[in-house]
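# Structural features, examined
Chain residues, written in single-letter form:
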Amino acid sequence: MNFDTYQDVWVFIECFQGEPKSVGLELLGQGRRLADSLKQKLCAVVIGKSVDAAIAAAGMYGADKVYAVEGDEYETYSADAYGHVFLELCRKYSPNTILVGATVNGRDLGSKLAVSLHTGLTADCTALSVEEETGNVVWERPAFGGNLYAQILCADTRPQMGTCRPGAFKKPEPSPDNHPIVIREDISTPADAIRTKVIDFIKACEDGEIKLDEAQVIVSGGRGMKNAENFGILKELADELGGTVGCSRAAVDAGWLPQTKQVGQTGSTVSPKIYIACGISGAVQHVAGMSESDTIIAINQDETAPIFEVADYGIVGDLFEIVPALTKELRARKQG
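Residues numbered from 1 in each chain as written. Predicted model: local features only at pLDDT ≥ 70, side-chain atom pairs only at ≥ 80, totals over all residues. Heavy atoms only, no water.

## Comments concerning the overall build of the chain
For the chain, the count of helices and strands is nine helices and 17 strands. Radius of gyration (C-alpha) of the chain: 21 Å, near the 20 Å computed for a compact globule of 336 residues. Counting only C-alpha atoms and orienting by the principal axes, one finds that the chain spans roughly 60 × 45 × 40 Å. Within the chain, the fraction of its 336 residues that count as buried is 49%. Pairs at least 24 apart in sequence give 64% of the contacts found in the chain among residues at least 6 apart. Here the chain contributes 31 positive and 46 negative side-chain charges, whose respective centroids are spaced 1 Å apart. (Helix = DSSP H or I, 4+ residues; strand = E, 2+ residues; numbered from the N terminus. Rg over C-alpha atoms; globule rule 2.2 N^0.38 Å. Buried < 20%, exposed > 50% of the residue type's maximum accessible area, 1.4 Å probe, protein only. Contact = heavy atoms within 4.5 Å. Lys, Arg positive; Asp, Glu negative; His and termini not counted. Charge placed at Lys NZ, Arg CZ, Asp CG, Glu CD.)

## Description of the sheet that holds strand E13 (residues 217–221)
Pairing is parallel across the open sheet formed by five strands, whose spatial order is E14-E13-E15-E16-E17. The open sheet has two edge strands with one neighbour each: strand E14 (244–247) and strand E17 (313–316). Across the sheet, the mean angle separating the axes of adjacent strands is 20° when strand polarity is ignored. Judged from the five bridges that link them, E13 and strand E15 (residues 274–278) form a sheet pairing that is parallel. From the neighbouring strand, Val219 faces E15, where its bridge partner is Ile276. Along the sheet face, helix H5 (residues 231–241) touches E13, E14 and E15 and points at about 170° away from the line of E13. Sheet strands in contact with helix H9 (residues 319–335) are E15, strand E16 (295–300) and E17, and its direction is about 135° off that of E16. (Pairing = 2+ DSSP bridges. Axes fitted to C-alpha atoms, helices over the stretch in contact; angles between N-to-C directions.)

## Concerning the sheet that holds strand E8 (residues 127–130)
One open sheet holds the three strands; their spatial order is E8-E9-E10, and the pairing between them is antiparallel. Looking along the sheet, the strands with just one partner apiece sit at the ends: E8 and strand E10 (148–152). Here the average twist between neighbouring strands, direction ignored, is 25°. Strands E8 and strand E9 (137–143) of the sheet are contacted by helix H1 (residues 22–38), whose axis makes an angle of about 15° with E8.

## Some points on H9
With 17 residues, H9 should cover 24 Å at 1.5 Å per step; its first-to-last C-alpha distance of 24 Å lies within 8% of that length. Of all the residues in H9, the buried ones are Leu319, Ile322, Val323 and Thr327. One face of H9 carries all of its buried residues, which in axial projection span an arc of 130°. Of the exposed residues in H9, the ones pointing more than 90 degrees away from its buried face are Glu321, Lys328 and Gln335. (Expected span 1.5 Å × (residues − 1). Arc of directions from axis to C-beta.)

## Things to note about the environment of Ile233
Note on placement: Ile233 falls in helix H5. Ile233 sits 14 residues away from Val219 along the chain, and the two C-alpha atoms are 9.9 Å apart. Among all residues touching Ile233, those that are not within four sequence positions of it are Met225, Leu319, Phe320, Val323, Pro324 and Thr327.

## Quick word on H5
Within H5 the residues assigned to the buried category are Phe231, Leu234, Leu237, Ala238 and Glu240. On the buried face of H5, the contacting elements are E13, E14, helix H6 (249–253), E15 and H9. Gly242 lies just past H5 and shows a positive phi near 70°.

## Quick look at the packing of aromatic side chains
Per the stated rule, a full pass over the model turns up nine aromatic pairs. Look at Trp10 and Tyr67: their rings are 5.0 Å apart centre to centre, the planes differ by 45°, and that puts the pair in the tilted class. Of the two residues, Trp10 is situated in strand E1 (residues 9–13) and Tyr67 in strand E5 (residues 65–70); the sequence distance between them amounts to 57 residues. Relative to Tyr82, the ring of Tyr74 lies with its centre 6.1 Å away and its plane at 85°, an arrangement referred to as edge-to-face. In this structure an aromatic cluster arises from ring pairing among Trp10, Phe12, Tyr67, Tyr74, Tyr77, Tyr82, Phe86 and Tyr93. (Phe/Tyr/Trp six-rings, centres within 6.5 Å; stacked < 30°, edge-to-face > 60°.)

## So, the nonpolar core
General note: in soluble globular proteins, nonpolar side chains tend to be found buried as a group. Within the largest apolar cluster, 32 residues are counted, with the highest numbers of intra-cluster contacts made by Ile13, Leu28 and Leu128. Elements with a minimum of two residues in this core: E1, H1, strand E4 (42–48), helix H2 (52–60), E5, E8 and E9. Considering each element in turn, this core owes the most residues, seven residues, to H1. With sequence-adjacent residues up to four places away left out, Leu128 is seen in contact with Gln30, Arg33, Leu34, Leu99, Val138, Trp139, Cys164 and Phe169. (Core = buried A, V, L, I, M, F, W, Y, C linked by side-chain atoms within 4.5 Å.)

## Side note on the side chain of Glu26
Here Glu26 shows up in helix H1. Although Glu26 lies buried, it forms no salt bridge, and the closest oppositely charged side chain, Lys171, sits 6.2 Å away as judged by the N-O distance. A distance of 2.9 Å separates a polar side-chain atom of Glu26 from the backbone nitrogen of Gly167. Every residue in contact with Glu26, bar those within four places of it in the chain, is listed here: Arg165, Pro166, Gly167, Ala168, Phe169, Lys170, Lys171 and Pro172. (Salt bridge = Lys/Arg side-chain N within 4 Å of Asp/Glu carboxyl O. Polar contact = N/O pair within 3.5 Å; in protein donor to acceptor, adjacent residues only side chain to side chain.)

Here is the structure:
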């Protein structure tokens, strides 16, 4: 393989109903770092029925170039249609590196591409860098249940590929003055080549509810909450802060909250401005999903709990006294 023929870092900008998902924009920040290290261009790949909003967002968040493919058959994601388009683009332009969000669709697309391109794929990466001597991307991800971090190389094939969880990285600062080169490719997929059809969408959360991976404030509870009803005090605090409620795996296993609310290696990776951990011991698996939060506040009766090692502020005490007191104080300040 002549690696010199493989150029540029590509980021897949996944869309839903014409709007770009946050994870693609987050990955543009990481893509920029890799592209600069490799001295290559940062490119976004947008596929859909109406992609103007996604093209504009990709430019605003730093893409040098945007490959755009539009068509009625791309209104909703399918592995057959999107895989066909992406594979055609790869064969024509030979990217060096491809970043894909570790969403349900992204994992599906990434694995399909890796098999078709006869290359490797590193899943659920939490850190990315480049070996200067070789130009290999160093893909870092949790291993052995989150107790170790593995660094993986794709040294023998190109493109290099990896998926990254939503919320694992922060969005770069938007640059409205950035105007990328937009290359619109006319790639169609025959209807009989698309073997699946989307019948309906089921909402993951109620109207008006803040999604966990988009929340700026998260108040999470763990085993220390004791039962499902006690999560009501966390919701009151979250509402006052304009945030949402999350939880640890222990709370999900106990049946107190659904898995969609779980933060951690087997749940969602989040990076809010404020993360409040209530009654959470701080197992490695949970910390892996929230350690990139701007400010971490831990409330726990056990002063030796591991959560205090990653917390910016720690409160040792009874959360059933502390949380309502915090909520009361916030309300008083708003009224005053």
